[in-house]
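# Topology and contacts: notes
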Amino acid sequence: MPVSDLTVWAVILILGVGTYLIRWSFLGVLGGRDLPEWVLRLLRYTPVAVLPALVAPLVVWPAATGGEPDPARMAAAAATVIAGLWTHNVLAAIAAGGGTLALMLYVLG
Amino acid sequence: MSPTPEPRPDPAQETADPITARALARTPRQAFWHGMWQSLPFLIVIVPFALLFGVVASEAGLDLAQVMGFSVLVLAGASQFTAVQLMSDNAPAIIVILSSLAVNLRMAMYSASLVPWLGNAAGRHKAWIAYVLIDQSYALSIQHYERHPRLSMPQRLAYFAGCVTPLCIPWMIATGVGAVIGNAMPEGIALDFALPITFLAMIAPMLRTPAHLAACFTAILSALLLAGLPSGLGLLIAAPLGMIAGAVVETRTTPKEI
């Protein structure tokens, strides 16, 4: 881990408190106040925007190959997405991706 | 959202719907067991996911206390993975925190939509509910409350407590086990790619509508174009662009009410 222990603990504590406040927000203090429609609309797309944006560079330029695009990891990513779209099952998609990666790394040596 | 009616005995309706009758007849203790029973299937996802977090985080260089710190104090899988990934990319702490909190923003929606059902509970109950409000406990409890609107507050609280017990405690234990396994893991296994695969597997089933697809692909394209920016900064720009794209497409594709 390139960051210091102190930084890691600071991230854990701030993230813990922040996440708790997000969960507590409406239930605890904001009460029955309705969120404006446009806010709800943006919130609806947080997971499908944040997670792909995080993953895309890791798939195209994997750190393990020094940032060189890698056919094994590309194939594994594609297999994961296809299995996920097809089965709607997170574990099946992980198994498809992991299996493809292991197979490709074995075949390509 | 409608105000919650207080439970009143209504024999006619109770005989009309035996499932509701059974739900209303449960003591809080029985409601707790019912919640536990209904959340058990989620263990199949929770345990491997927690093991994986433990392994990935310890591979990234976190010690056991830090790995457990994440799972006990944050208790939110996707954001925990996000934080570990960004820290091992050497991103500044502020970007790590903002990005990981962004992953958890959806929980504000959960919090808001539970208000009609749990808003009148005592403050100490709302305090523990906020701690264990995860995707699975939200999904189960909101379905249960909407299906049986006349449950009493103790029944609702007990059901929620039942749902979270077999999810949150195994999450923490399996994380610790994963961290210990991770330290014993031989080099050379392509664990670097466990996190991308896990995230892709979580995202794919969410892509149900054109708006979700638009959000996802806008975010991917922006993240790739902005990959040259300092670590983590591209994400902070790409993610909001994806969210805006999703919201815009939703507005265009939802038929206007006349």
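Everything numeric in this text was worked out from a predicted model, so none of it was measured. Think of each chain on its own: its residues are numbered from 1, step by step along the sequence as written. Both sets of labels track the order of writing: A upward for chains, 1 upward for ligands. Only residues with pLDDT of at least 70 get local features here, since the model is predicted, and only at 80 or more are side-chain atom pairs given and counted; chain-wide, interface and lining totals rely on the full set of residues.

### Overview of the overall build of chain B
Of the regular secondary structure elements, chain B holds 14 helices and zero strands. Ordered by position in the sequence, the α and β elements of chain B form the string α-α-α-α-α-α-α-α-α-α-α-α-α-α. Labels follow a simple rule on C-beta atoms placed from the backbone: if 20 or more others lie within 10 Å of a residue's own, it is buried; if 12 or fewer, it is exposed; otherwise it is partly exposed. A total of 258 residues make up chain B; the buried ones form 47% of that total. With C-beta atoms placed from the backbone, a contact is any residue pair whose C-beta atoms sit within 7 Å. Sequence-distant contacts in chain B: of pairs separated by 6 or more residues, those separated by 24 or more amount to 75%. Runs of H or I in DSSP of at least four residues are treated as helices and runs of E of at least two as strands, each being numbered from the N terminus.

### Quick look at the nonpolar core
Joining buried Ala, Val, Leu, Ile, Met, Phe, Trp, Tyr and Cys residues through C-beta atoms within 7 Å gives a set, and that set is a nonpolar core. Counting residues in hydrophobic clusters, the biggest one holds 111 residues, and the most contacted among them are Ala49 and Ala53 of chain A together with Val56 and Ala215 of chain B. When residues of this core are assigned to their parent elements, the largest contribution, twelve residues, is made by helix α11 (residues 153-184) of chain B. With near-sequence residues (within four places) excluded, alanine 215 of chain B lies in contact with Tyr45, Val48 and Ala49 of chain A together with Gly242, Met243, Ala245 and Gly246 of chain B.

### A short note on helix α1 (residues 5-30) of chain A
Multiplying 1.5 Å by the residue count of a helix minus one yields the expected span of that helix. With 26 residues, α1 of chain A should reach 38 Å at 1.5 Å per residue; the first-to-last C-alpha distance of 36 Å fits that figure. Taken as a whole, α1 of chain A carries its principal kink of about 60 degrees at tryptophan 24 of chain A. Buried within α1 of chain A are the following residues: Val8, Val11, Ile12, Leu15, Thr19, Tyr20, Ile22, Arg23, Trp24, Phe26 and Leu27 of chain A. Considering only its buried residues, α1 of chain A is in contact with α5 (64-74), α6 (77-88), α7 (93-104), α8 (106-118) and α9 (123-131) of chain B. The angle separating two fitted axes, one through the seven residues that finish at a residue and one through the seven that start at it, defines the bend at that residue.

### Considering the domain arrangement of chain B
Residue and element names in this part refer to chain B. Partitioning chain B into structural domains gives domain 1 (26-193) and domain 2 (207-258). Taken over C-alpha atoms, the centre of domain 1 sits 26 Å from the centre of domain 2. Counting residues at the interface gives ten residues for domain 1, matched by six residues for domain 2. Element by element, the count of residues in the side of domain 1 that touches domain 2 is highest for α7, at five residues. Basically, the charged four are Asp, Glu, Lys and Arg, the nonpolar ten are Ala, Val, Leu, Ile, Met, Phe, Trp, Tyr, Cys and Pro, and anything else, Gly included, counts as polar. In terms of residue class, the side of domain 1 that touches domain 2 is built from seven nonpolar, two polar and one charged. Domain borders in the structure are assigned automatically or taken from a domain database.

### Topic: the domain arrangement of chain A
Considered domain by domain, chain A is made up of domain 1 (1-33) and domain 2 (36-108). Using C-alpha coordinates to define each centre, domain 1 of chain A is positioned 26 Å away from domain 2 of chain A.

### Observations concerning the interface of chain B and chain A
Listed as interface residues are 79 residues of chain B and, on the opposing side, 67 residues of chain A. Broken down by element, the residue count for the side of chain B that touches chain A peaks at ten residues, all from α8 of chain B.

### Thoughts on the packing of helix α3 (residues 28-39) of chain B against α11 of chain B
Residue and element names in this part refer to chain B. With their axes 7 Å apart at the nearest point, α3 and α11 run at an angle of 35 degrees to one another. Along this stretch, α3 crosses α11, giving a crossing that reads as right-handed. Two secondary-structure elements touch here, α3 through Pro28, Arg29, Ala31, Phe32, Trp33, His34, Gly35, Met36, Gln38 and Ser39 and α11 through Pro154, Gln155, Ala158, Tyr159, Phe160, Ala161, Gly162, Cys163, Thr165, Pro166 and Leu167. Its residues placed into classes, the contact of α3 with α11 shows 13 nonpolar, seven polar and one charged. Axis geometry follows a simple rule: fit a line to the C-alpha atoms, using only the stretch in contact for helices, then measure angles between N-to-C directions, giving values from 0 to 180 degrees. Crossing handedness: left-handed means the near helix sits turned counterclockwise from the far one by under a right angle, and right-handed means the same turn made clockwise.

### Structural notes on unusual backbone geometry
It is generally the case that most residues other than glycine have a negative phi and that most peptide bonds are trans. Residue and element names in this part refer to chain B. The phi angle at leucine 75 is positive, at roughly 55 degrees, despite the residue not being glycine. By secondary structure assignment, the location of leucine 75 is in the loop between α5 and α6. According to the C-beta neighbour criterion, leucine 75 is buried, with 23 such atoms within 10 Å. Positive phi, close to 65 degrees, is recorded for asparagine 90, a residue that is not glycine. As for its placement among the helices and strands, asparagine 90 is situated in the loop between α6 and α7. With 13 C-beta atoms packed within 10 Å, asparagine 90 lands in the partly exposed category.

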